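Geometric and topological summary
Residue-level listing of the chains:
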Amino acid sequence: MLSRNRTFIWAGGLMSLMLIYLWTNRRPSVVLEHDRNRPVDSSAWRQKGDDTYFWRTVGTDYQPASAAQTLPTSTPQAFPKVQTTFGPETTSSRQAREKRRKAVKETFLRCWNSYKAHAWMADELTPVAGGSRNPFGGWAATLVDSLDTLWIMDLKDEFVKAVDAIGNIDFAKTEMPEINTFETTIRYLGAFLAAFDLSGDVRLLHKAAEVGELLYKAFDTPNRMPITRWDLHAAARGDKQEASSSVLVAEIGSLSLEFTRLSQLTGNPKWFDAVQRITDLLAAQQSSTELPGLWPLTVDAKEQVFNKGSTFTLGAMADSVYEYLPKMAALLGGQLPIYQTMYENAMDTAIKYNLFRPMTPTNEDILISGQVHTETKDGNITVNLKTEGQHLVCFLGGALALGGKMFARPGDVTVANKLTDGCIYTYKAFPHGIMPETFRMAPCEFRAHCEWDENHWKQQILKHVNGEEGNVAVADSIIAEKHLPKGFTDVPDRRYILRPEAIESVFILYRVTGRSDLVEAAWEMFEAIEETTKTELANTAVWDVTVADEKPRAVGSMESFWMGETLKYFYLVFSEPDLISLDEYVFNTEAHPLRRLL
């Protein structure tokens, strides 16, 4: 009996040692619990050979004309609480929520496993054919974009394997003739920083610094303005560079969040200095544009002219420059008041000129964000609103909800509700329950009062097509031909490409207001997207969501933001509110959560 007990104790001890070994070997090699308000000790994360990393050794042709700006060191401001206080959850509500969260996780795992099987280390899986594509440098965009999603979904084993694999990504090599500086920043730099902020695995901070060194070279121009569509091969050869005279305002104005967080974590101010120079120009010229408060769609980086142009939108190619204003205030703990000032100036103008109430059969009190064109004649500026909505501009409800709470502007939260409801309405209006890329609607004459007028809607369709009103019978044929829901006058782009912006605002607004109907809307959106886009392997973008009674034809594309953004936001809607609290984190435009200064 004594012998048997000793054998049992010995076997139990051996099993304990084996479990300890397995546990320690599935954990990241070096994990830091870092103070979000202090840089990480470089001796803890820098690796042997960092000083010889290619992009660190490439020479610099142009030095800044003025002294480098350092990170602010004042005490962070205590902003008002962003998230509402959620009450106790009933058992049935919790069970329903967890069931939905599990469904989202299963979709993610189906896509992740297919990516691993068919496109590992490539940028994207082709979700129908099972092949791969490399539109973002060939640096494993889907793997990198999914890192923090793996962590958030508690897929820690998969996370560790993915982090192990990032050591094989060489940011000194690509077959692409040029890279998009903005996309590289939000997908790669943002992903590595967020995954580090969540896990503390120093390999991720090391990789973020590698990408940071690569991107910093894009700023080596005479005026230190970055090249947004960048020939990095020419830069590697040592060719001199200069910024372009025509760049999209979003691509030059939306690098601040990631560059600033990299400086915060490493203690090296050069990245913050690089983007703060852009912010200073945006701030100085914000009130001198033809629509003061907003910047034109394209700007001149070569001459540093950011106030000349006649197209103003918060949608595609401009969106994130506005999104980052309240988020930079949050990231910096309000230490630079200019971001709040820029946000307030921009939103005051946008709410007045860019938003419109569409006419709907049910008289919905909703808002859509359109595009403004200005005309100058005899010194007078005329403002013309194009009532075209975009899936991409659906981010705006979330941005206004965040800014409204942080800066004590309750009117912004009211507008955020109406914008987000407008996106939800548009999802429901189309036969597959999904919003197309772009659409046009008949506007109400007044926001406060708007009654449905079917004849007016049809005349607006004719006016759009023919430039003038006419026979409603002609309008009926156009409605049938173009599959137009009531209130919609055109659908220029009928695709759905797995975009996240609508669910992004639903998620943020839910955390801000606690509106339970937003959770139900999110579930309807998820079910519609899954049914419409699911393939045997993963999920695909589709060509046309306007035709009823047939499954839309697959595009055969699955951008990394499907797993990095869209599914992450769905998962968080159905998670406990303290998972990635908006009072602790701020999301970059690729949905990567960065830790706020507190």
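Residues numbered from 1 in each chain as written. Predicted model: local features only at pLDDT ≥ 70, side-chain atom pairs only at ≥ 80, totals over all residues. Heavy atoms only, no water.

Per an unreviewed UniProt entry, the protein goes by alpha-1,2-Mannosidase and derives from Neonectria punicea. The Sequence similarities (unreviewed entry) field of the UniProt record for the protein holds the comment "Belongs to the glycosyl hydrolase 47 family." (UniProt positions renumbered as here; feature names shortened; annotations may be inferred.)

1. Looking at the pattern of salt bridges
For the coordinates displayed, the defined rule picks out 50 salt bridges. In this structure, the salt-bridge partner of Asp 583 is Lys 81, at a minimum N-O distance of 3.8 Å. Here Asp 583 is found in the loop between helix H22 (561-573) and strand S15 (585-587), whereas its partner Lys 81 is found in the loop between helix H3 (54-57) and helix H4 (91-118), with 502 residues between them in sequence. A relative accessible area of 18% places Asp 583 in the buried class. (Salt bridge = Lys/Arg side-chain N within 4 Å of Asp/Glu carboxyl O. Helix = DSSP H or I, 4+ residues; strand = E, 2+ residues; numbered from the N terminus. Buried < 20%, exposed > 50% of the residue type's maximum accessible area, 1.4 Å probe, protein only.)

2. Description of the environment of Glu 590
Along the chain, Glu 590 turns up in the loop between S15 and strand S16 (593-595). In this structure, the C-alpha to C-alpha distance between Glu 590 and Pro 292, residues 298 residues apart in sequence, is 28 Å. Discounting chain neighbours no more than four positions away, the residues touching Glu 590 are Asp 145, Ile 186, Arg 187, Ser 560, Phe 561, Gly 564 and Glu 565. (Contact = heavy atoms within 4.5 Å.)

3. Notes on the sheet that holds strand S10 (residues 371-377)
Overall, antiparallel pairing links the 3 strands, which are arranged S7-S10-S11 in an open sheet. The sheet terminates laterally at strand S7 (311-313) and strand S11 (380-386), the two strands that pair on one side only. Strand-to-strand twist across the sheet, computed as the mean angle between neighbouring axes with direction ignored, equals 25 degrees. Pairing between S7 and S10: 3 bridges, direction antiparallel. The partner of Thr 313 across the bridge, within S10, is Gln 371. (Pairing = 2+ DSSP bridges. Axes fitted to C-alpha atoms, helices over the stretch in contact; angles between N-to-C directions.)

4. Examining the sheet that holds strand S12 (residues 388-390)
The antiparallel open sheet is built from 3 strands, whose spatial order is S12-S13-S14. Looking along the sheet, the strands with just one partner apiece sit at the ends: S12 and strand S14 (488-493). Direction aside, neighbouring strands of the sheet carry axes that sit 25 degrees apart on average. Pairing between S12 and strand S13 (residues 438-441): 3 bridges, direction antiparallel. Opposite Glu 388, over in S13, you have Arg 440 as the bridge partner. This element, helix H18 (residues 454-466), spans S13 and S14 of the sheet and lies at about 40 degrees to S14.

5. Quick notes on the state of the cysteines
This model, assessed by the stated rule, comprises 2 disulfides. Between the sulfur atoms of Cys 394 and its disulfide mate Cys 423 the distance is 2.1 Å. Between Cys 394 and Cys 423 the disulfide shows an S-S torsion of about -110 degrees. By sign, it is left-handed. Separated by 29 residues along the polypeptide, Cys 394 in the loop between S12 and helix H16 (396-406) and Cys 423 in helix H17 (residues 410-429) bring together distant segments of the chain. (Disulfide = S-S within 2.5 Å.)

6. Considerations on the side chain of Asn 354
Here Asn 354 lies in the loop between helix H15 (338-353) and strand S8 (355-356). For Asn 354, a relative accessible area of 0% puts it in the buried group. A polar atom in the side chain of Asn 354 sits 3.3 Å from the backbone oxygen of Phe 312. (Polar contact = N/O pair within 3.5 Å; in protein donor to acceptor, adjacent residues only side chain to side chain.)

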